[in-house]
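Here are the chains, one letter per residue:
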Amino acid sequence: MSVDIDAQPSDRAVAPSLPPDLPRASVLGIPLALADYDATMEWMDAIVAGGYRACLSAAAVHLVMVAQEDDETRDAVLQTMTVPDGQPLVWALRALGHPQASRVYGPELMARYCERSATTGIRMFLYGGRTEDALAQLQSALHERFPGVRIVGGYSPPFRALDDDEQRDVAAAINASKADVVWVGTGQPKQEKWMAEMRDRLDAPILAGVGAAFDFHAGIVPQAPAWMQRTGLEWSYRLAREPRRLWRRYARYNPRFVAGFVRQYVAHRRGG
């Protein structure tokens, strides 16, 4: 675990009664933000400037479907500002009458906000990574790509659940770092549950779950080509690279998503 606690705390304004919000619409009961990258980053800046506490998650179809079956996941997601990471979710929102719906891909959001923060001075903590070496590789890659980015600490958790002492130590380390944003890259829905559990214990205004972004930006796992992302075929690229880990997920949830959304769409059309 590595933490730089030399950074000075920011002068955060006294928060008004209500935090800023983004317009949202529901897909299978999960509210998804109707916002592009710029609007999402402006929302993040407003949360930090106002001294609020919020969670942000870039949701794929997998997270939406797990939330249908697991109450803990659903409760965590409903406490979170969730943006549509997966292109099928964007198509679903548009079919429901929201043409302004835009994909906010977690790795791209993280990259754009890191670039932005190199100018604004936003402080970042990295929670995730396959190993401490992988986390160090990510930090190095971000510093090289975004000169001036302020990464004030990082922790690569074990794959098991943390015990009480470990949770206390992690919370203390993150709070000591004076981070404004904690990027969480431990996979869905694990990261959403962790953010919900730790939200009240962490001073950082934003906890942001970005899934595989850590592996992508560290150069450990390649991203799907842009054309596959645009056409909603990213899942097939990832399946081809990690079939043993992912085939059950896609075989279970993709057909269920299609069936569930067809029912929602028919109900939407009948409702006028």
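Before reading on, note that the structure itself is shown above.
Our subject in this report is the structure included herewith. (Residues numbered from 1 in each chain as written. Predicted model: local features only at pLDDT ≥ 70, side-chain atom pairs only at ≥ 80, totals over all residues. Heavy atoms only, no water.)

### A short note on the pairing of strand β9 (residues 206-209)
To keep it simple, the criterion reads: Per-residue accessibility, obtained with a 1.4 Å probe over protein chains only, is compared with the maximum for each type, and a residue is labelled buried under 20%, exposed over 50%, and partly exposed between these values. Secondary structure elements follow DSSP: runs of H or I no shorter than four residues count as helices, runs of E no shorter than two count as strands, and numbering proceeds from the N terminus. The pairing criterion for strands is at least two bridges between them, as found by DSSP. For a crossover, the right-handed case is the one in which the path from the first strand over the helix to the second runs clockwise, viewed with the strands pointing away from the viewer.
On β9, burial covers both faces: Ile 206 and Ala 208 on one face and Leu 207 and Gly 209 on the other are all buried. Here strand β4 (residues 54-59) runs beside β9; their pairing, made up of 4 bridges, is parallel. Paired with Leu 56 across the strands is Ala 208, a residue of β9. Handedness of the crossover is the feature at issue here: the chain leaves strand β8 (residues 181-185), passes through helix α8 (residues 190-198), returns alongside β9, and the resulting connection is right-handed.

### As for the pairing of strand β2 (residues 24-27)
Burial of β2 is one-sided: the residues Ala 25 and Val 27 facing one way are buried, the residues Arg 24 and Ser 26 facing the other way are not. The sheet contact formed by β2 and strand β3 (residues 30-33) spans 4 bridges and is antiparallel. In the sheet register, Val 27 faces β3, and the bridge partner there is Ile 30. What sits between β2 and β3 in their antiparallel hairpin is a turn of 2 residues, with Leu 28 showing a positive phi close to 50 degrees.

### Quick look at helix α1 (residues 37-50)
Short version of the rule: Under the convention used throughout, the expected extent of a helix is 1.5 Å for every residue step, that is, one less than its residue count. Any two residues having at least one pair of non-hydrogen atoms within 4.5 Å are treated as being in contact. We call two N or O atoms a polar contact when they sit within 3.5 Å, provided that within protein one can donate a hydrogen and the other can accept it, with sequence-adjacent residues counted only if both atoms are side-chain atoms.
Taking 1.5 Å of rise per residue, 14 residues should cover 20 Å, and α1 covers 20 Å from first to last C-alpha, within 8% of that figure. Residues Tyr 37, Thr 40, Met 41, Trp 43, Met 44, Ile 47, Val 48 and Gly 50 constitute the buried set of α1. Contact partners of the buried residues in α1: β4, β5 (81-84), α5 (106-120), β8 and β9. Where α1 starts, the residue carrying a side-chain oxygen 3.3 Å from the main-chain nitrogen of Asp 38 turns out to be Asp 36. Looking one or two residues beyond α1, the residue adopting positive phi is Gly 51, at roughly 70 degrees.

### Section: empty space enclosed by the protein
Counted only if it meets this: A cavity, in this analysis, means grid points on a 1 Å lattice covering only the protein atoms where a 1.4 Å probe fits yet has no way out; a pocket is instead an open set bounded by protein on both sides within 12 Å along at least five of seven lines, and a residue lines either one if it has an atom within 4 Å of a point. Grid points are joined across faces, edges and corners, and a volume is the space filled by probe spheres set on the points. Under the convention adopted here, Pro, Cys and the residues Ala, Val, Leu, Ile, Met, Phe, Trp and Tyr are nonpolar, Asp, Glu, Lys and Arg are charged, and Gly plus all remaining residues are polar.
Considering all chains together, one arrives at 1 cavity of 30 Å³ or more under this definition. Roughly 30 Å³ of volume is contained in the largest cavity. Around the largest cavity, the lining residues are Gly 129, Ala 134, Leu 135, Leu 138, Phe 214, Asp 215, Ala 218 and Ile 220. For the lining of the largest cavity, the secondary structure elements donating two or more residues are α6 (132-145) and α9 (213-218). Counted by class, the lining of the largest cavity contains 6 nonpolar, 1 polar and 1 charged residues.

### Re unusual backbone geometry
Here the residue pair Gln 188 and Pro 189 is connected by a cis peptide bond, since its omega of 0 degrees sits within 30 degrees of zero. Relative to the assigned elements, Pro 189 resides in the loop between β8 and α8. Backbone geometry at Leu 28 places phi at a positive 50 degrees, although glycine is not the residue there. When you line up the elements, Leu 28 lands in the loop between β2 and β3. Its relative accessible area of 14% is what places Leu 28 among the buried residues. Unusually for a residue other than glycine, Lys 178 sits at a positive phi of about 60 degrees. With respect to the helices and strands, the residue Lys 178 is situated in the loop between α7 (164-177) and β8. For Lys 178, a relative accessible area of 34% translates into the label partly exposed.

### Here we look at a negative patch on the surface
Put simply, the rule reads: Surface patches are defined over residues having more than 30% relative accessible area and no salt bridge, joining like charges when they lie within 9 Å and nonpolar side chains (Val, Leu, Ile, Met, Phe, Trp, Tyr) when within 5 Å. In these tables, accessible area is a Shrake-Rupley quantity obtained with a 1.4 Å probe, and a residue counts as shielded only by the protein chains included in the view. When a carboxyl oxygen of Asp or Glu is within 4 Å of a side-chain nitrogen of Lys or Arg, the pair counts as a salt bridge. The convention is simple: Lys and Arg are positive, Asp and Glu are negative, and His and the chain ends are not counted. Lys charges are placed at NZ, Arg charges at CZ, Asp charges at CG and Glu charges at CD.
A contiguous patch of negative charge, built from Asp 163, Asp 164, Asp 169 and Glu 197, is present on the exposed surface. Structurally, Asp 169 can be placed in helix α7.

### Some points on a nonpolar patch on the surface
On the surface, a nonpolar cluster with roughly 300 Å² of combined accessible area is contributed by Val 258, Val 262, Tyr 265 and Val 266. Checked against the element boundaries, Tyr 265 lands in helix α12 (residues 243-270).

Note that all results are geometric; they support no functional claim without further evidence.
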